[in-house]
Amino acid sequence: MFVLELSYTAPLEAVDAVLPDHVVWLDGLYEQGVFVASGRKEPRDGGVILAVAGDRARIEEIAAGDPFVKAGVCEYRVTEFIATKTAPALERYRETLG
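Residues numbered from 1 in each chain as written. Predicted model: local features only at pLDDT ≥ 70, side-chain atom pairs only at ≥ 80, totals over all residues. Heavy atoms only, no water.

Time to look at the nonpolar core. Counting 19 residues, the largest nonpolar core has Leu4, Trp25, Phe35, Ile49, Ile59, Ile62 and Phe68 as the members making the most contacts within it. Elements supplying a minimum of two residues to this core: strand E1 (2–8), helix H1 (12–31), strand E3 (46–51), helix H2 (56–64) and strand E4 (74–80). For this core, the element with the most residues is H1, which contributes five residues. Residue contacts for Ile49: discarding those within four places in its chain leaves Phe2, Val3, Leu4, Leu6, Trp25, Leu26, Phe35, Ala37, Ser38 and Tyr76. (Core = buried A, V, L, I, M, F, W, Y, C linked by side-chain atoms within 4.5 Å. Buried < 20%, exposed > 50% of the residue type's maximum accessible area, 1.4 Å probe, protein only. Helix = DSSP H or I, 4+ residues; strand = E, 2+ residues; numbered from the N terminus. Contact = heavy atoms within 4.5 Å.)

What follows is the structure, encoded as structure tokens:
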């Protein structure tokens, strides 16, 4: 599993101008089963996405396709972790240490 932390690199007006395209991008990745949860950080200086994918290279590719990145209004920090414990509703995402 991956934590994708977005940090805005432009004023909120510039971020908001790209927001509709970003939401369409998010929706597509939810439909593909890649994204598990997402939302704005508080204070609003970026966001967080929980994602699942085969490897880090795929996640990096996905992040590079974000309209926010293409517009130059955010940067990503990607952290991979092994979800060995989850809430029952997220049981399908549990992993074992190998």
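Having seen the model, we can carry on.
Attention now goes to the side chain of His22. Along the chain, His22 turns up in helix H1. Residue classification places His22 among the buried positions, given a relative accessible area of 7%. In this structure the side chain of His22 is engaged in a polar contact, spanning 2.8 Å, whose partner is the side chain of Asp66. Those residues in contact with His22 that lie beyond four places of it in its chain are Leu6, Asp66, Pro67, Phe68 and Tyr76. (Polar contact = N/O pair within 3.5 Å; in protein donor to acceptor, adjacent residues only side chain to side chain.)

For the structure shown, the criterion picks out three aromatic pairs. Between the aromatic rings of Tyr8 and Phe68, the centroid separation amounts to 5.9 Å while the plane-to-plane angle is 85 degrees, which identifies the pairing as edge-to-face. Of this pair, Tyr8 sits in strand E1 while Phe68 sits in helix H3 (residues 67–70), and the two are 60 residues apart along the sequence. In this pair, the class of Tyr8 matches that of Phe68, namely buried. Aromatic pair Tyr30 and Phe35: ring centres 5.9 Å apart, planes at 85 degrees, arrangement edge-to-face. For Tyr30, a relative accessible area of 32% translates into the label partly exposed. (Phe/Tyr/Trp six-rings, centres within 6.5 Å; stacked < 30°, edge-to-face > 60°.)

Take the pairing of E1 next. Taking every second residue as pointing to the same face, the buried face of E1 carries Phe2, Leu4, Leu6 and Tyr8, while none of Val3, Glu5 and Ser7 on the other face is buried. Bridge analysis of E1 against E3 gives six bridges, and the strand direction is antiparallel. Each residue of the ladder has a partner; that of Leu4, found in E3, is Ile49. Inspection of the sheet shows E1 paired to E4 by seven bridges, in the antiparallel sense. Residue pairing across strands places Tyr8 opposite Cys74, the latter belonging to E4. (Pairing = 2+ DSSP bridges.)

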